[in-house]
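What follows is each chain in one-letter form.
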Amino acid sequence: MDIRIRQDAVVRSLRRNGTTTIEDLARDVGASRRTVLRDIAALRDQGLVIHSEPGRGGGLSLDPQSVQATARLSVPEVFALLISVASMRAAGNLPFSGLADSGLAKIEKALPPDKVRDLRRFLDCLWVGPLAPQVDISDRGDMDPALLPAFEPAFLDRRQLRFRYRDAKGNATERQVEPQAMLILPPLWYLVAWDPSRKDFRHFRMDRISAPECLEGTSFNRRHVPFADGVRPIRYA
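Residues numbered from 1 in each chain as written. Predicted model: local features only at pLDDT ≥ 70, side-chain atom pairs only at ≥ 80, totals over all residues. Heavy atoms only, no water.

Teacher, can you tell me more about the nonpolar core here?
The nonpolar side chains of a soluble globular protein tend to be buried with one another. Counting 35 residues, the largest nonpolar core has Phe79, Phe151, Met182 and Leu191 as its most contacted members. Elements that contribute at least two residues to this core include exactly helix H4 (75-90), helix H6 (113-123), strand E3 (126-128), helix H7 (147-156), strand E4 (161-166), strand E5 (172-185), strand E6 (188-195) and strand E8 (209-214). Ranked by residues supplied to this core, first place goes to H4 with seven residues. Filtering out sequence-adjacent residues up to four positions away, Phe79 remains in contact with Leu119, Phe122, Leu123, Leu126, Leu148 and Met182. (Core = buried A, V, L, I, M, F, W, Y, C linked by side-chain atoms within 4.5 Å. Buried < 20%, exposed > 50% of the residue type's maximum accessible area, 1.4 Å probe, protein only. Helix = DSSP H or I, 4+ residues; strand = E, 2+ residues; numbered from the N terminus. Contact = heavy atoms within 4.5 Å.)

Spelled out as structure tokens, the structure:
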């Protein structure tokens with residue numbers, strides 16, 4: 001498990017369980033006792049106050065008022081928040097939108113300048129529009145959690161993406177494409193890419209993509225994507 005994901009799991013376990021032991025915490029996050037002890041030390045260095053009570057009946061507990069001294073959100077994590085808000089707004093289902101935008105602005109301010117630049121470049125690839133009423137969404141499934149992390153180098157470094165794709169008839173193929181845009185047509189999400197083998201643009205439903213892999217040593221140029229009427233770029237101040 002990735003160190004950061006595991007440490008986030010440690011914090012969630014501490015918040016959820018109140019007082020717990022190292023052994024229970026290790027079992028909860030699927031790591032060794034030694035690894036959890038290292039994670040506890042690292043989390044304390046980041047500003048979290050984690051108390052330890054020795055002896056029988058003691059254990060670890062997280063101060064409920066404790067927060068990390070520095071934000072550790074990655075560009076894909078912030079981007080995921082932004083596109084989730086954008087998707088809800090496009091669907092006309094975003095109560096408290098002013099508070100959501102204010103919260104996202106604060107998160108963005110916590111990012112270092114180079115991450116902000118990456119975030120803005122990511123957002124330049126995001127488009128949103130209405131879904132045609134005749135589109136069948138009865139087979140909509142979950143998206144592969146590996147998709148967004150693979151998108152980061154694919155879009156920012158312009159690397160080709162390889163993945164397995166299942167079409168509407170259930171036929172499976174392996175595709176290697178040049179990612180050009182992400183399109184949200186609530187409730188469906190699409191990867192818009194140039195397919196070199198077909199010499200044309202293709203729209204891939206993200207819930208039909210699996211095993212995405214960003215290919216090292218590949219490159220491509222950005223292309224102008226001809227979107228349908230009603231599709232617009234996402235713009236954040």
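Back to the text.
Please clarify how unusual backbone geometry should be interpreted in this entry.
The general pattern is negative phi for most residues beyond glycine and trans for most peptide bonds. In this chain, Pro186 is followed by Pro187 through a cis amide linkage whose omega measures 10°. Relative to the helices and strands, Pro187 resides in the loop between E5 and E6. A positive phi angle, close to 55°, is found at Arg158, a residue other than glycine. By the secondary structure assignment, Arg158 is in the loop between H7 and E4.

It is not clear to me how the side chain of Glu178 should be interpreted in this structure. Could you clarify?
Mapped onto the elements, Glu178 comes out in strand E5. Apart from residues lying up to four places away in sequence, Glu178 is in contact with Gln160, Ala193, Trp194, Pro196, Phe220 and Arg223.

Which parts of the structure should I look at to understand the side chain of Arg6?
Structurally, Arg6 can be placed in helix H1 (residues 3-17). What makes Arg6 buried here is its relative accessible area of 12%.

Any chance you could explain the packing of H1 against helix H3 (residues 33-45) here in plain terms?
Think of two packed helices as two axes; the pair is described by the angle between the axes and how far apart they sit. Relative orientation of the contacting elements H1 and H3 amounts to 85°, with a least axis distance of 10 Å. By the angle class used here, H1 and H3 are roughly perpendicular. Only Thr35, Asp39, Ile40, Ala42 and Leu43 of H3 make contact with H1, whose side of the interface consists of Arg6, Gln7, Val10, Val11 and Leu14. Of the residues assigned to the contact of H1 with H3, the class counts are six nonpolar, two polar and two charged. (Axes fitted to C-alpha atoms, helices over the stretch in contact; angles between N-to-C directions. Parallel < 35°, antiparallel > 145°, perpendicular 65-115°, else oblique. Nonpolar A, V, L, I, M, F, W, Y, C, P; charged D, E, K, R; others polar.)

Explanation requested: the pattern of salt bridges in the structure shown.
Oppositely charged side chains can form a pair if their charged atoms are brought close together. All told, the structure shown has 15 salt bridges when counted by the stated rule. Its salt-bridge partner being Arg16, residue Asp28 comes within 3.0 Å of it at the nearest N-O pair. Here Asp28, found in helix H2 (residues 22-29), pairs with Arg16, found in helix H1; they are twelve residues apart in sequence, far enough to count as distant. With a closest N to O distance of 3.7 Å, Glu178 and Arg223 form a salt bridge. Of this pair, Glu178 sits in strand E5 while Arg223 is found in the loop between E8 and strand E9 (232-233), placing the two residues 45 residues apart along the sequence. (Salt bridge = Lys/Arg side-chain N within 4 Å of Asp/Glu carboxyl O.)

Would you take a moment to explain H6 for this structure?
Because an α-helix packs 3.6 residues into every turn, residues spaced three or four apart end up facing the same way. All of the buried residues in H6 are Asp118, Leu119, Phe122 and Leu123. On an axial view of H6, the arc spanned by its buried residues comes to 140°, and they lie on one face. Exposed side chains of H6 directed beyond 90 degrees from the buried face belong to Pro113 and Arg117. (Arc of directions from axis to C-beta.)

Explain the pairing of E5 to me, please; I cannot follow it from the model alone.
A large share of E5 lies buried, amounting to ten of its 14 residues. Where E3 lies against E5, three bridges are found, and the strand directions are parallel. Bridge pairing in E5 links Trp127 to Leu183. Pairing of E4 with E5, which is carried by six bridges, proceeds in the antiparallel orientation. (Pairing = 2+ DSSP bridges.)

Would you take a moment to explain the packing of aromatic side chains for this structure?
Aromatic rings in a pair are described by how distant their centres are and how their planes are angled relative to each other. Using the criterion set out here, one finds seven aromatic pairs in the structure. Relative to Phe155, the ring of Phe122 lies with its centre 6.3 Å away and its plane at 45°, an arrangement referred to as tilted. Taken as a pair, Phe122 in helix H6 and Phe155 in helix H7 lie far apart in primary sequence, 33 residues in all. A relative accessible area of 0% means that Phe122 is categorised as buried. Residue Phe155 is classed as buried on the basis of its relative accessible area, which comes to 6%. Judged by centre distance (6.4 Å) and plane angle (70°), the ring pair of Phe163 and Tyr165 falls under edge-to-face. The exposure class assigned to Phe163 is buried, which follows from its relative accessible area of 1%. Through successive ring pairs, a cluster of aromatic residues spans Phe122, Phe151 and Phe155. In this structure, Arg223 is placed above the aromatic ring of Trp194, and the distance from its NZ or CZ to the ring centre is 3.9 Å. (Phe/Tyr/Trp six-rings, centres within 6.5 Å; stacked < 30°, edge-to-face > 60°. Lys NZ or Arg CZ within 6 Å of the ring centre and 35° of its normal.)

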